[in-house]
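Examination of the molecular architecture
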Amino acid sequence: MSTLTAAAHRKSAARPAAVNTGSRRRGKSRMDPTRNNTAAGIAAWLLALLFATPVLWMILTSLHSETDAATNPPSLSAGLTLDAYKEFFGASSGVSPWPPLINSATASIFSTVLVLLLAIPAAYALSIRPVRKWTDVMFFFLSTKMMPVVAAILPLFLFAKTVGALDNIWFLILMYTSMNLPIAVWMMRSFLAEVPVEMLEAAEIDGAGLLLTLRAIIAPVAMPGIAATALICFIFSWNELLLARVLTGVMAGTAPVFLTGFVSSQGLFLAKVCAAAVVISLPVLFAGFAAQDKLVQGLSLGAVK
């Protein structure tokens, strides 16, 4: 009996130690998420700095003279000047950048509006009022983006030449609309799938038609998704170069085409190209900052079901 009693005492004495060890382990495990979050935050800042470095370097190069910008390795202590920006605005050549900038703004804004007018009803039919085999329809939209643009540039050029649409801003708007429409339908379908069905049923009971439902019910709820889709379509249209380079000339040339005009086989041009890139990037940056809150909400709206 004395042996059993001693064993029982040893077990009871060992239990508190085990409980204390477990509590310490749980305490350490509770501290791990904080350390992980700190490490993730530092990694995110380092990654953001890595992506921002080329942009900052481009801005710094645009503020150097052509001679200093062409040195290898580049000099960080070189003097700063605005000569490259003066050249961009035609100080010596007399060529104004405003017509290309206006053409880019016209093509980007009008094509974005057309894309939204076509994509929202299509996404409504594929999400809220789904048609049969809607997945096949979505795959068809996606398959149109699988062919490289360069493979279709010759037929497009010949068609534009035949119908007299070369160097026409409205033909370029049509091309940008067809280019961005599949992406917009995919994005809007995901956003509209988050709209509560009860709201649509209540609107239908009250006698609201399709246009009234889209304007008064769906549009306010899906506004973050609409803003995100519009901004992405605007960026794609603003940055597009290949179609604008081939299908336009003097009258309908866009800002990216104007930027490539600074690249020359003779002389130095790096500072002027960087200055042009900075100025042409400003509208996209302003649009992104203006719609920043809605862009974040829209891009995360359909991320987690």
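Residues numbered from 1 in each chain as written. Predicted model: local features only at pLDDT ≥ 70, side-chain atom pairs only at ≥ 80, totals over all residues. Heavy atoms only, no water.

The subject of this paragraph is the overall build of the chain. What the chain contains, in helices and strands, is 14 helices and zero strands. Ordered by position from N to C terminus, the α and β elements of the chain give α-α-α-α-α-α-α-α-α-α-α-α-α-α. Residue burial in the chain is summarised as follows: out of 305 residues, 34% are buried. Expressed as a percentage of contacts within the chain between residues at least 6 apart in sequence, the contacts between residues at least 24 apart total 76%. (Helix = DSSP H or I, 4+ residues; strand = E, 2+ residues; numbered from the N terminus. Buried < 20%, exposed > 50% of the residue type's maximum accessible area, 1.4 Å probe, protein only. Contact = heavy atoms within 4.5 Å.)

Here we take up the side chain of Lys272. Inspection of the secondary structure assignment puts Lys272 in helix H13 (residues 270-290). Dropping the residues within four chain positions of it, Lys272 is found in contact with Glu66, Ala84, Glu87 and Phe262.

Moving on, we get to the pattern of salt bridges. Inspection of the entire model under this criterion finds one salt bridge. Between Glu66 and Lys272 there is a salt bridge, with its nearest N and O atoms 3.2 Å apart. Of the two residues, Glu66 is situated in helix H2 (residues 66-69) and Lys272 in helix H13; the sequence distance between them amounts to 206 residues. The buried category is assigned to Glu66, whose relative accessible area is 18%. Note on Lys272: relative accessible area 18%, which makes it buried. (Salt bridge = Lys/Arg side-chain N within 4 Å of Asp/Glu carboxyl O.)

One finds Ala119, Tyr124, Ile128, Val185, Met188, Leu192 and Ile218 to be the most contacted residues of the largest nonpolar core, which totals 26 residues. Put simply, the parts of the chain that give this core at least two residues each are helix H4 (98-127), helix H5 (134-143), helix H7 (169-192), helix H9 (210-221) and helix H10 (223-239). Once you skip the residues sitting within four places of it in the chain, Tyr124 turns out to touch Arg129, Leu192, Leu210, Leu214 and Ile218. Within the second largest apolar cluster, 20 residues are counted, among which are Ala69, Phe262, Val273 and Val279. (Core = buried A, V, L, I, M, F, W, Y, C linked by side-chain atoms within 4.5 Å.)

In this section: unusual backbone geometry. The phi torsion at Asp167 lies on the positive side, around 55°, for a residue other than glycine. When you line up the elements, Asp167 lands in the loop between helix H6 (149-163) and H7. For Asp167, a relative accessible area of 25% translates into the label partly exposed.

This part is about the packing of helix H8 (residues 197-205) against H9. For the pair H8 and H9, the least separation of the axes is 11 Å and the interaxial angle reads 160°. Put simply, H8 runs roughly antiparallel to H9. Crossing angle aside, the handedness with which H8 passes H9 is right-handed. On the side of H8, the interface is formed by Met199, Leu200 and Ala203, while H9 contributes Thr213, Ile217, Ile218 and Val221. In the contact of H8 with H9, the residues fall into six nonpolar, one polar and no charged. (Axes fitted to C-alpha atoms, helices over the stretch in contact; angles between N-to-C directions. Parallel < 35°, antiparallel > 145°, perpendicular 65-115°, else oblique. Left-handed = near helix turned anticlockwise from the far one by under 90°. Nonpolar A, V, L, I, M, F, W, Y, C, P; charged D, E, K, R; others polar.)

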